[in-house]
Every structure is written in C-alpha cells, then in structure tokens.
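A look at the structure
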Amino acid sequence: MLRGLLKLLVEIDSSRFLTTRAAAALGLIALLAAFGAVGYWLPAAIAGYFGH
C-alpha cells in the first residue's frame, strides 16, 4: 500500500501528461479522504457501541 501511495506522489510530480497528473492527484485526494473518514467514523462508531 505504501508503494502505491509513493507511486501516486511520483506520478503527480513527474508525469508528462496533464490528465495522468490530474488523475493521480484526484486518486491521492480520495485516498486521504477515505483515511480521514475512517479515522473519524470508526472511533465514533466504537464510542457509540460502548455507550460513551
């Protein structure tokens, strides 16, 4: 997974094609948003399950 993240970062920086750069940037943003959502919702769900 780390290798995929590094590949996205390199594609954003070094790709010759604008569409590839944009797709890599959107993929990275989506990945970060997914991690953010899991980081927020998972603890909230666990806290709700245990009644805090």
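Check the entry above for the structure.
Along every chain, residues carry numbers that run from 1 in the direction the sequence is written. Thresholds applied to this predicted model are a pLDDT of at least 70 for local features of residues and 80 or more for the giving and counting of side-chain atom pairs; totals over whole chains, interfaces and linings are not thresholded and use all residues. To obtain the side-chain values, all non-hydrogen atoms of the structure were used and water was disregarded.

Let us now look at the overall build of the protein. Secondary structure elements are taken from DSSP: a helix is a run of H or I of four residues or more, a strand is a run of E of two residues or more, and numbering for both begins at the N terminus. Within the protein, the secondary structure is distributed over 2 helices and 0 strands. Radius of gyration here is computed from C-alpha atoms only, and the compact-globule reference equals 2.2 Å multiplied by the residue count raised to the power 0.38. Rg of the C-alpha trace for the protein: 16 Å, well past the compact-globule value of 10 Å for 52 residues, more than 25% over. The C-alpha extent of the protein, read off along each of the three principal axes, is 50 × 20 × 10 Å. Only protein chains enter the accessibility calculation, which uses a 1.4 Å probe. A residue is then buried if its area is under 20% of the maximum for its type, exposed if over 50%, and partly exposed in between. Put simply, the protein has 52 residues, and 8% of those count as buried. Summed over its atoms, the accessible surface of the protein is roughly 4,400 Å², and 74% of this surface lies on carbon and sulfur atoms. Per-residue accessibility takes into account occlusion by the displayed protein chains alone, with areas from the Shrake-Rupley method and a 1.4 Å probe.

Residues enter patches when they are more than 30% accessible in relative terms and free of salt bridges; like-charged ones are connected within 9 Å and nonpolar ones (Val, Leu, Ile, Met, Phe, Trp, Tyr) within 5 Å. Throughout this description, the term salt bridge denotes a Lys or Arg side-chain nitrogen within 4 Å of a carboxyl oxygen of Asp or Glu. A surface patch of nonpolar side chains, about 580 Å² in accessible area, is lined by Val 38, Leu 42, Ile 46, Tyr 49 and Phe 50. With respect to the element layout, Phe 50 can be found in the segment after α2 (18-49).

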